[in-house]
Amino acid sequence: MSTSSRPSSAATRRDRPTLGGPGAGLAIALENLFPPLPSEVILPLAGFTASQGRMDVFAAVAWTTAGSVVGALALYLLGALFGRDRVIAAAARLPLVKVADVERTEAWFLRHGTKAVFFGRFVPLFRSLISIPAGVERMRLPTFLALTAAGSLIWNTAFIAGGYALGARWHEVTDVVGLYSKVILAVVAAAGLAFVAVRLLRAGRGERRRPAGRDPEGAPRVVLAPAGCQCGEGDG
């Protein structure tokens, strides 16, 4: 029996149905909304798929960048809908968090928001979260979209190009960036623990320094006697 009629393995790979560029773009949009979906896996895999001739590499970059912008826009609108007043009200109810913390963060974002939105695209986890304060603070939408598109284009191109160049070894990109992501998460966790520890220590010192018989504001405690009571007077 002749083997010439059998399809080659390369032809089989080309004929295998894939979601292509739109599927990659959808995956990246969902990654913005659900950070546990890692772009450092999706993007190099898209590059590898393009290297196999099953996707155009430029279409992969375009679709994934569009997905990044759509996902970021959804979070921006969520932040704008929630609004500053609700953020302040929520912070006032949280233990160990003060309204002043939110106000300081707000002041920082007003000074550095454009840099945060652009460079935040290169930091795992913050890639998604940075869109929310941008919406809360009502950053100009054209500015937000332009910065998000520019940062996402750089990030996506780098990872897709890496997967395209490495081919079957595309997972090496994921391994390297996975380590980077773990370092970022460790730093964030350490900063969070330090914040909680400092707040708890300050609260404990405040309790120890409070004099007996005084209220939390430091004023003398006044005890009102019942009417008609001759407290403190002699019987004679």
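Keep in mind it's a predicted model, so treat the numbers as computed, not measured.

Trainee: I'd like to hear about the overall build of the protein, residue by residue, with values.
Mentor: For the protein, the helix and strand inventory stands at 9 helices and 0 strands. Walking the protein from its N terminus toward its C terminus, one meets helices and strands in the order α-α-α-α-α-α-α-α-α. In the protein, which comprises 236 residues, the share counted as buried stands at 32%. Taking as baseline every contact in the protein between residues at least 6 positions apart, the subset at least 24 positions apart corresponds to 75%. When the accessible area of the protein is evaluated, it comes to approximately 14,700 Å², of which 67% is carbon and sulfur surface.

Trainee: Describe the packing of helix α2 (residues 20-33) against helix α4 (residues 57-93), listing the residues and the values that go with them.
Mentor: Contact pair α2 / α4: the axes reach a minimum separation of 7 Å and the direction vectors enclose 30 degrees. With respect to their mutual orientation, α2 and α4 come out roughly parallel. Where α2 crosses over α4, the handedness of that crossing is right-handed. Of α4, the residues touching α2 (which contributes G21, P22, A24, G25, I28, A29, N32 and L33) are W63, T64, G67, S68, G71, A72, A74 and L75. Residues of the contact of α2 with α4, tallied by class, amount to 9 nonpolar, 7 polar and no charged.

Trainee: Describe the packing of aromatic side chains, naming the residues involved and giving the relevant values.
Mentor: A complete count under the given rule lists 5 aromatic pairs for this structure. Measuring from ring centre to ring centre gives 4.5 Å for W155 and F159, while their planes differ by 40 degrees; the resulting arrangement is tilted. Linking W155 with F159, this pair stays in helix α8 (residues 141-166), spanning 4 residues, or about one helical turn. W155 gets classed as buried once you look at its relative accessible area, which sits at 7%.

Trainee: Could you give me a rundown of the nonpolar core, with the residues and numbers involved?
Mentor: Formed by 24 residues in total, the largest nonpolar core has its most connected members in L43, F109, V117, A134, M139, F144 and F159. When contributions to this core are tallied by element, the ones reaching two or more residues are α3 (39-51), α4, α5 (99-119), α8 and α9 (171-209). Here F144 is in contact with A72, L73, Y76, V117, S131, A134 and M139, once residues within four sequence places are set aside.

Trainee: Which residues make up the environment of S181, and what values go with them?
Mentor: Mapped onto the secondary structure, S181 falls in helix α9. In this structure, the C-alpha to C-alpha distance between S181 and P38, residues 143 residues apart in sequence, is 9.8 Å. Every residue in contact with S181, bar those within four places of it in the chain, is listed here: E40 and P124.

Trainee: Report on α4, specifying residues and quantitative values.
Mentor: A maximum bend of about 75 degrees is found in α4 at G83. Capping the start of α4, D56 holds a side-chain oxygen 3.1 Å from the backbone nitrogen of F58, two or three residues further along.

Trainee: I'd like to hear about the pattern of salt bridges, residue by residue, with values.
Mentor: On inspection of all chains with the given rule, the structure shows 2 salt bridges. In this structure, R127 and E31 form a salt bridge, with 3.0 Å as the shortest nitrogen-oxygen distance. Residue R127 is located in helix α6 (residues 126-129), and its partner E31 is located in helix α2; the two are separated by 96 residues in the primary sequence. Judged by its relative accessible area of 2%, R127 falls in the buried class. A salt bridge links R84 to E106, with the nearest nitrogen and oxygen atoms 2.5 Å apart. You can see R84 sitting in helix α4 and its partner E106 sitting in helix α5, a full 22 residues away along the chain. A relative accessible area of 15% means that E106 is categorised as buried.

Rules used in this analysis
Residues numbered from 1 in each chain as written. Predicted model: local features only at pLDDT ≥ 70, side-chain atom pairs only at ≥ 80, totals over all residues. Heavy atoms only, no water. Helix = DSSP H or I, 4+ residues; strand = E, 2+ residues; numbered from the N terminus. Buried < 20%, exposed > 50% of the residue type's maximum accessible area, 1.4 Å probe, protein only. Contact = heavy atoms within 4.5 Å. Areas by Shrake-Rupley, 256 points an atom, 1.4 Å probe, with all protein chains shown as cover. Axes fitted to C-alpha atoms, helices over the stretch in contact; angles between N-to-C directions. Parallel < 35°, antiparallel > 145°, perpendicular 65-115°, else oblique. Left-handed = near helix turned anticlockwise from the far one by under 90°. Nonpolar A, V, L, I, M, F, W, Y, C, P; charged D, E, K, R; others polar. Phe/Tyr/Trp six-rings, centres within 6.5 Å; stacked < 30°, edge-to-face > 60°. Core = buried A, V, L, I, M, F, W, Y, C linked by side-chain atoms within 4.5 Å. Bend = angle between axes of the 7 residues up to and from the residue. Polar contact = N/O pair within 3.5 Å; in protein donor to acceptor, adjacent residues only side chain to side chain. Salt bridge = Lys/Arg side-chain N within 4 Å of Asp/Glu carboxyl O.

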